[in-house]
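If you want the building blocks of each chain, they are given just below.
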Amino acid sequence: MALEANVSGGALVAAAAVSLSFRRSLNPFPIRVSFPSVEPPRVRFLTLAVVKRSPKRLKYSAPHFSKEDGLLYVQVDPSGEDGWKLDPVIKLLKEGAVGVIPTDTVYAIACDLRSHSAIERLRRIKNIQASKPLSILCRSFRDIDTYTSGFPHGNGQGDTNKFRAAKHCLPGPYTFILTASKELPKQCTRYGTTSSKYAHWKNIGVRIPDDAVCQEILENMDAPLISTSVKFPKENGWIIDPVVIADVYGREGLDFVVDAGVRVADPSTVVDMTKSFPRIIRQGKGPKLPWMVAEDEKDSAVGEEELIS
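As the structure is a computational prediction, the values presented were derived from the model and not from experiment. (Residues numbered from 1 in each chain as written. Predicted model: local features only at pLDDT ≥ 70, side-chain atom pairs only at ≥ 80, totals over all residues. Heavy atoms only, no water.)

## Notes on the overall build of the protein chain
Part 1 of the reasoning: Counting secondary structure elements, the protein chain contains eight helices and 14 strands.
Part 2 of the reasoning: For the protein chain, with 309 residues in total, the buried portion stands at 45%.
Part 3 of the reasoning: Sequence-distant contacts in the protein chain: of pairs separated by 6 or more residues, those separated by 24 or more amount to 66%.
Part 4 of the reasoning: Here the protein chain displays about 17600 Å² of accessible surface, and carbon together with sulfur accounts for 54% of that area. (Helix = DSSP H or I, 4+ residues; strand = E, 2+ residues; numbered from the N terminus. Buried < 20%, exposed > 50% of the residue type's maximum accessible area, 1.4 Å probe, protein only. Contact = heavy atoms within 4.5 Å. Areas by Shrake-Rupley, 256 points an atom, 1.4 Å probe, with all protein chains shown as cover.)

Okay, here's the thing in structure tokens:
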């Protein structure tokens, strides 16, 4: 761009009298010079929620699917609205995997009921003796009728209609002990025990958890899941944080962990339905109902803590 200085009187004038004009060019034929407009760069601001997390949780925080030393770690919403994330877990279970899933109480180590090798791995991971019972997570009462003798319907002469009573409790935080049927693998039942209470019967704990994530997994399986609750190996406390579970049991050979958030250490209420009157042998999250008979602490200590919470 050219500048033209207008001088008055033909004499030199002080610098203050000089006016600069941008309106004309020295060229008699004005040329319009245009410059491309430069827009200032746009800055996008991303709002982040700052959450203080433990170092152990950070390695599993992202992405939603991660592999740590052969362990598949899947984070899901407790509501089950992102159930598609469970597809690889369901596939692994059908292939004989052993992993951790949430229930409506605490977390459980689970595997396919039909996989004998997976059941043996589950016992080895949890260090459960062959004489200890396992539990089954069922999809419906049809599963319960298939793998146990079912709930007695009563005789109309004062005997409790246990089926009708249990139907009001399930799905829910209860574990009901029933007599196992021939359809149930022998690895799941208590056998070879010297306890007179179980010497002549093979019993099994059954559950229908009221948990969206657990139900999503069960509904996509072809059979119930064998399970046992997750505790610290050398302590009697429940592990309610899935990250801690992955750290403790991942090295023992777990194939996957489903993280649906930290739970409360409140196990299920265990009710023995094999006797004349339903007896509570462990009071837990499920409240005692009028048709249940409470048992004193001494009689309750029969090792049923190994049942799924």
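## Let's talk about the nonpolar core
Part 1 of the reasoning: Phe 151 and Phe 176 are the most contacted members of the largest nonpolar core, which has 70 residues in total.
Part 2 of the reasoning: For this core, the element with the most residues is helix α7 (residues 242–249), which contributes five residues.
Part 3 of the reasoning: Other than its neighbours up to four places away in sequence, Phe 151 contacts Phe 141, Ile 144, Lys 162, Phe 163, Ala 166, Leu 170, Phe 176, Leu 178 and Met 273. (Core = buried A, V, L, I, M, F, W, Y, C linked by side-chain atoms within 4.5 Å.)

## As for the pairing of strand β10 (residues 225–229)
Part 1 of the reasoning: Most of β10 is tucked away: five of the five residues are buried.
Part 2 of the reasoning: Across the two faces of β10 the burial is the same, with Leu 225, Ser 227 and Ser 229 and Ile 226 and Thr 228 all buried.
Part 3 of the reasoning: One ladder, built from five bridges, connects strand β6 (residues 108–112) with β10; its direction is antiparallel. Opposite Asp 112, over in β10, you have Leu 225 as the bridge partner.
Part 4 of the reasoning: Sheet analysis places strand β7 (residues 135–137) next to β10, joined by three bridges and oriented antiparallel. (Pairing = 2+ DSSP bridges.)

## Observations regarding the confidence of the model for the protein chain
Part 1 of the reasoning: In this model, the protein chain carries a mean pLDDT of 76, and residues with pLDDT of at least 70 account for 66%.
Part 2 of the reasoning: Considering each helix and strand of the protein chain separately, the mean pLDDT is smallest for helix α1 (residues 55–58), with a value of 40, and largest for strand β5 (residues 99–101), with 98.
Part 3 of the reasoning: Ignoring residues within four places in sequence, the model shows residues 1–31, a span with pLDDT below 50, making 16 contacts including any to other chains.
Part 4 of the reasoning: Considering only residues more than four positions removed or in separate chains, one finds that residues 190–200, a stretch of pLDDT under 50, has 24 contacts. (pLDDT = per-residue confidence, 0-100.)

## Digging into the packing of aromatic side chains
Part 1 of the reasoning: Here the structure, examined in full by the defined rule, presents five aromatic pairs.
Part 2 of the reasoning: When the centroid spacing of 5.8 Å and the interplanar angle of 10 degrees are considered together, the rings of Tyr 174 and Phe 176 count as stacked.
Part 3 of the reasoning: When its relative accessible area of 4% is taken as the criterion, Tyr 174 is described as buried.
Part 4 of the reasoning: Aromatic pair Phe 176 and Trp 291: ring centres 6.5 Å apart, planes at 20 degrees, arrangement stacked. Of this pair, Phe 176 sits in strand β8 (residues 174–179) while Trp 291 is found in the loop between β13 (279–282) and β14 (293–294), placing the two residues 115 residues apart along the sequence.
Part 5 of the reasoning: Residue class for Trp 291 comes out buried when judged on its relative accessible area of 19%.
Part 6 of the reasoning: Grouping aromatic residues by their ring pairs yields a cluster made of Phe 141, Phe 151, Phe 163, Tyr 174, Phe 176 and Trp 291.
Part 7 of the reasoning: Lying across the ring of Trp 238, Lys 231 places its NZ or CZ 4.2 Å from the centre.
Part 8 of the reasoning: The ring centre of Tyr 107 lies 5.5 Å from the NZ or CZ of Arg 263, which sits over that ring. (Phe/Tyr/Trp six-rings, centres within 6.5 Å; stacked < 30°, edge-to-face > 60°. Lys NZ or Arg CZ within 6 Å of the ring centre and 35° of its normal.)

## Examining α7
Part 1 of the reasoning: Burial runs high along α7: seven of the eight residues are buried.
Part 2 of the reasoning: Taken residue by residue, α7 has Pro 242, Val 243, Ile 245, Ala 246, Asp 247, Val 248 and Tyr 249 as its buried positions.
Part 3 of the reasoning: Capping the start of α7, Asp 241 holds a side-chain oxygen 3.0 Å from the backbone nitrogen of Val 243, two or three residues further along. (Polar contact = N/O pair within 3.5 Å; in protein donor to acceptor, adjacent residues only side chain to side chain.)

## What about unusual backbone geometry?
Part 1 of the reasoning: Along the chain, Leu 170 connects to Pro 171 via a cis peptide bond; the corresponding omega equals -5 degrees.
Part 2 of the reasoning: Turning to its location among the elements, Pro 171 is positioned in the loop between α5 (162–167) and β8.

## As for helix α3 (residues 116–126)
Part 1 of the reasoning: Turning to α3, its buried residues number three or more, namely Ala 118, Ile 119, Leu 122, Arg 123, Ile 125 and Lys 126. Looking straight down α3, one finds that the buried residues subtend no more than 165 degrees of arc, so they occupy a single side. Opposite the packed face of α3, turned more than 90 degrees from it, sit the exposed residues Ser 117 and Arg 124.
Part 2 of the reasoning: Buried residues along α3 sit in contact with β6, β10 and α7.
Part 3 of the reasoning: In the segment just after α3, Asn 127 is the residue with positive phi, at about 60 degrees. (Arc of directions from axis to C-beta.)

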